[in-house]
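# Results of the structural survey
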Amino acid sequence: MLRPVEDVAKSGIALAGIQENVKIETPQKTRKEGSTMDGVTVIAHPLVQHKLTIMRRKETSTSSFRRLLREISTLLCYEVTRDLELTMETIETPLTEMQSPILEGKKLVFASILRAGNGLLEGMLELVPAARVAHVGVYRDHETLQAVEYYFKAPDALSERLIIVVDPMLATGNSSIAAIEKLKERGAKNIRFLCLLAAPEGIKNFHAAHPDVPIFTASIDSHLNEKGYIMPGLGDAGDRMYGTK
Ligand code: URA
């Protein structure tokens, strides 16, 4: 029997085996009513959780990882766009005229934080092929530990669009915070952040910098290790999707 996500959460089944005190909500509910971790929606769809488990396994090959990432990003995209505004349009079917719903407003923007963000783009664009794409390249200066921007290209009219910023891993939060600062400087106002895994430390930093940006993730993991990796995590997302080391 299918159970609503709230029941799954209550039952104590550890989703991805991680933060047990996190309430699992539907996206709309989380944003409207808040949850244990305000501003964070954990996407508990069974297919998302199943695919994520396979991605985490160390023996999963590069090709399987990439295929799963494409599949999971389509499902995550479905959830992060669940409450988009619709407007009615008059159309003609082969039989008659009717009023039918269609997405309102300017085309969405998917903003990829290079390089791992690109892994989420393919599946998302399959679902929303008309979306515009922004690329933001930031790296961490080893001496200052500050995020340094090296590339930025975005569509026009950012202030009139919903921007979904994507990066598989919300670890320290430094690069996503910097990327969103850049997008805001260029006028972006309506922003959501989508990742596969988030660390509590990253969520805290992110919320402090951008309290107006809701986070969507498939899992909140336990913590960051001393090297800044999410634990238990899945390793280096970029290396796993591109077969680099
Ligand atoms: N980036 C990754 O790819 N993996 C982590 O665990 C943290 C940051």
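Our structure is the block above this text.
These notes cover the structure that comes with them. Note that this is a predicted model, so its numbers are computed, not measured. (Residues numbered from 1 in each chain as written. Predicted model: local features only at pLDDT ≥ 70, side-chain atom pairs only at ≥ 80, totals over all residues. Heavy atoms only, no water.)

Listed as buried for helix H7 (residues 200–209) are Pro200, Gly202, Ile203 and Phe206. Down the axis of H7, the smallest arc covering the buried residues is 155 degrees, so these residues share one side. Across H7 from its buried face, at more than 90 degrees, point the exposed residues Lys204 and Ala208. (Buried < 20%, exposed > 50% of the residue type's maximum accessible area, 1.4 Å probe, protein only. Helix = DSSP H or I, 4+ residues; strand = E, 2+ residues; numbered from the N terminus. Arc of directions from axis to C-beta.)

In this section: the site of the ligand. Surveying the vicinity of the ligand reveals the residues Met169, Ala171, Gly228, Tyr229, Ile230, Gly235, Asp236 and Ala237. Within the backbone of glycine 235, a nitrogen or oxygen atom sits 2.8 Å from a nitrogen atom of the ligand. Here an oxygen atom of the ligand sits 2.7 Å away from a polar atom, N or O, in the main chain of alanine 237. In the complex, 82% of the free accessible area of the ligand, which totals 240 Å², lies under the protein chains. (Near = heavy atom within 4 Å. Polar contact = N/O pair within 3.5 Å; in protein donor to acceptor, adjacent residues only side chain to side chain. Areas by Shrake-Rupley, 256 points an atom, 1.4 Å probe, with all protein chains shown as cover.)

Packed helix pairs are characterised by how far apart their axes lie and by the angle those axes make with each other. Here helix H4 (residues 62–80) crosses helix H5 (residues 118–127) at 55 degrees, and the two axes come no closer than 7 Å. By the angle between their axes, H4 is oblique relative to H5. The way H4 lies across H5 gives a crossing that is right-handed. Residues Leu69, Arg70, Ser73, Thr74, Cys77 and Tyr78 of H4 lie in contact with H5, whose contacting residues are Gly119, Leu120, Glu122, Gly123, Met124, Glu126 and Leu127. Per-class residue counts for the contact of H4 with H5 are six nonpolar, four polar and three charged. (Axes fitted to C-alpha atoms, helices over the stretch in contact; angles between N-to-C directions. Parallel < 35°, antiparallel > 145°, perpendicular 65-115°, else oblique. Left-handed = near helix turned anticlockwise from the far one by under 90°. Contact = heavy atoms within 4.5 Å. Nonpolar A, V, L, I, M, F, W, Y, C, P; charged D, E, K, R; others polar.)

To continue, consider unusual backbone geometry. Both trends apply: most residues other than glycine have a negative phi, and most peptide bonds are in trans. Here the amide bond leading from leucine 114 into arginine 115 is cis, since omega sits at 0 degrees, within 30 degrees of zero. Methionine 231 connects to proline 232 through a cis peptide bond whose omega is -5 degrees. Along the chain, the position of proline 232 falls in the loop between strand E12 (230–231) and helix H8 (237–242). At alanine 157, a residue that is not glycine, the phi angle is positive and equals roughly 50 degrees. Note on placement: alanine 157 falls in the loop between strand E6 (147–153) and strand E7 (162–166).

Before going further, it helps to spend a moment on the environment of leucine 69. For leucine 69, the position within the fold is in helix H4. Through-space distance from the C-alpha of leucine 69 to that of glycine 123 is 7.7 Å; in sequence the pair is 54 residues apart. Apart from the residues lying within four places of it in its own chain, the contact partners of leucine 69 are Met55, Gly119, Leu120, Leu196 and Met241.

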